[in-house]
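Next come the chains, spelled out residue by residue.
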Amino acid sequence: MAESDRSPNSSNPHGPGAGASNANASNGAAASTASLSVTPADSEAELVAYLDGELDHVAAQRVERRLSDDPAFRRRLQQFQRAWDLLDQLPRVEATADFATTTVEMVAVRAAAESDASQHRRRRLIGYVAQAVCAVAAIVLGFLFVSARQQAPERRLLRDLPVIENVDNYLNVEDVEFVRQLARDHLFDQEPPDAPAWNRSGRR
Amino acid sequence: MAVTDSSVDYEVLDPDVRLMLRVKEDDAAAFTELVTRYQNRLLTLLANLVSSREVAEDLTQDVFLRVYRSRKTYQPDAKFVTWLYRIASNVASNSVRSQVRRREIHLAPASSDETSPLSLEQLAKAASGALPTRRLDKSELSEIVRLAMESLNEQQRVALMLSKFEEMGYQDIADTMGVTVSAVKSLLWRARENLRTLLEPYIAEGARPTKE
């Protein structure tokens, strides 16, 4: 494929190689007007980009000026072009008649197998998660049960605290029903704080 | 760095993007159409990257399998060919790396027969003018060009193949390879400079170096 047949994404209005074909051989070529800041490697990279139609207008003109003035530069362009043309010797491969069919079938089979494997993995993962949740729940319930069992004696003690505080008095009681009758008669009620001393506990 | 232009509506501009969007909806006919459109191009690219038609066929099918697997997450933020060749480039790269590892383990001795394939070393000697030459036929020239391509590193080869066979511009090559345009310019210059150097004895004369 000739370079000039390409229409790449280029802003070079001259087209690739146009400068080379217009270049005039000159005896005692004048010095190139290329920028002094462009290294030889940059110049050659620009030459390749020029062949590829990738240079902007200013850079393309710079290359063309040098091509017109520098025979060695022109030879280099021709060598690049010929080496590029030799790439046409590389084989262009054509698929067999059934390649598309076998490809699509292969993809369908592999995709289905991967989908099955993925679903299997998802089910297994759900199973693992369920087992983990059950294990955690069992641990928590077990902890709560054991904790409740361990605290039961303390709670009973707390509930019986009023009795415990007066256990010395209750030990002297022979008849529980008699004590209950006294309670119904409000004999155990708290006395007001400003009651006269003779009316307090002693009941003299 | 790869550049995608989110302001460009590739769905409108690129018919292959529209096909891929149908594949995204599990349209088997659209997928078959994409395979048919790109099989030869991918085979050519991959065969010249890995130097084996059989391997290239496997890799091409691998590329299409990856296209299909990615269908649900496909986004039309670049040309379809750019996205496709990005996948192809990765597949080729993985294959080349594993080939290099295998070659390091199994080195074959060089043959001294004149009819046996040229080695890269002989190609380099010919380029230096150290070997006498004779005229070449087409298959020999093809072999020499293939050998010269093997002298390039993987990135140079990919850039060159995309430029030559796919006629991609520098920006598209940059998007495909995930590098800058400046890097593409450098890669192509180095690739073509290496080729120019190695193929120089054959450029004008079509000659093949005789083995010493």
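Residues numbered from 1 in each chain as written. Chains lettered and ligands numbered in written order. Predicted model: local features only at pLDDT ≥ 70, side-chain atom pairs only at ≥ 80, totals over all residues. Heavy atoms only, no water.

Visitor: So what about the overall build of chain A? Which residues, and what values?
Guide: Scanning chain A for helices and strands turns up 8 helices and 0 strands. For chain A, the N- to C-terminal ordering of α and β elements is α-α-α-α-α-α-α-α. Out of the 204 residues in chain A, the part that is buried amounts to 26%. Accessible area for chain A stands at about 14200 Å²; split by element, carbon and sulfur atoms hold 57% of it. (Helix = DSSP H or I, 4+ residues; strand = E, 2+ residues; numbered from the N terminus. Buried < 20%, exposed > 50% of the residue type's maximum accessible area, 1.4 Å probe, protein only. Areas by Shrake-Rupley, 256 points an atom, 1.4 Å probe, with all protein chains shown as cover.)

Visitor: I'd like a rundown of the confidence of the model for chain A, residues and numbers included.
Guide: When the pLDDT values of chain A are averaged, the result is 77; 74% of them are 70 or greater. Low pLDDT (under 50) marks residues 1–35 of chain A, which in the prediction has 73 contacts with non-local residues, meaning those over four places away or in another chain. (pLDDT = per-residue confidence, 0-100. Contact = heavy atoms within 4.5 Å.)

Visitor: So what about the pattern of salt bridges? Which residues, and what values?
Guide: Applying the stated criterion across every chain yields a total of 22 salt bridges over all chains. Two residues, Arg53(B) and Glu57(B), come together in a salt bridge whose shortest N-O distance is 3.0 Å. One end of the pair is Arg53(B) and the other is Glu57(B), both in helix α4 (residues 53–69) and 4 residues apart, which spans about a single turn. Glu57(B) gets classed as partly exposed once you look at its relative accessible area, which sits at 22%. Glu150(B) serves as the salt-bridge partner of Arg146(B), at 2.5 Å between the closest nitrogen and oxygen. On the criterion of helical spacing, the pair formed by Arg146(B) and Glu150(B) is a turn pair, its members being 4 residues apart in helix α7 (residues 138–150). Overall, the relative accessible area of 34% leaves Glu150(B) in the partly exposed class. Linked by salt bridges that have partners in common, Glu177(A), Arg180(A) and Arg184(A) make up one network. (Salt bridge = Lys/Arg side-chain N within 4 Å of Asp/Glu carboxyl O.)

Visitor: Go over the environment of Thr180(B) with me, naming the residues and quoting the values.
Guide: Residues and elements named next belong to chain B. Checked against the element boundaries, Thr-180 lands in the loop between α9 (170–177) and α10 (181–203). The exposure class of Thr-180 is partly exposed, given its relative accessible area of 37%. Once the C-alpha coordinates of Thr-180 and Tyr-170 are considered, the two residues, 10 residues apart in sequence, prove to be 8.9 Å apart. Only 3.0 Å separates the side chain of Thr-180 from the backbone nitrogen of Ala-183, close enough to count as a polar contact. (Polar contact = N/O pair within 3.5 Å; in protein donor to acceptor, adjacent residues only side chain to side chain.)

Visitor: If you had to explain a nonpolar patch on the surface to someone new, which residues and values would you point to?
Guide: A grouping of Val136(A), Val140(A), Leu141(A), Phe143(A) and Leu144(A) is seen on the molecular surface, where their side chains present a nonpolar patch of about 510 Å² in accessible area. Mapping Leu141(A) onto the fold places it in helix α5 (residues 99–159). (Patch = residues over 30% accessible without salt bridge, like charges linked within 9 Å, V, L, I, M, F, W, Y side chains within 5 Å.)

Visitor: Just give me the short version of the interface of chain A and chain B, but keep the residues and values in it.
Guide: Chain A puts 42 residues into the contact, and the matching count from chain B is 45 residues. Both faces combined, the contact of chain A with chain B buries some 4200 Å², and carbon together with sulfur accounts for 64% of it. Our count for the chain A to chain B interface comes out at 3 salt bridges. Among the ionic pairs, Asp88(A) bridges to Lys164(B), the shortest N-O distance being 2.9 Å. Where chain A meets chain B, there are 15 residue pairs in polar contact (both at pLDDT 80 or more). Residue assignment for the side of chain A that touches chain B shows that the elements contributing at least two residues are α2 (40–51), α4 (71–86) and α5 of chain A. In terms of residues, the side of chain A that touches chain B owes the most to one element, α5(A), which gives 10 residues. Residues of the side of chain A that touches chain B, tallied by class, amount to 22 nonpolar, 6 polar and 14 charged. (Buried area = accessible area lost by both parts, 1.4 Å probe. Nonpolar A, V, L, I, M, F, W, Y, C, P; charged D, E, K, R; others polar.)

Visitor: Quick rundown of the side chain of Gln79(A)? Include the residues and the values.
Guide: Along the chain, the position of Gln79(A) falls in helix α4. Its relative accessible area of 16% is what places Gln79(A) among the buried residues. Beyond its immediate sequence surroundings of up to four residues, Gln79(A) is in contact with Arg196(B), Glu200(B) and Ile203(B).

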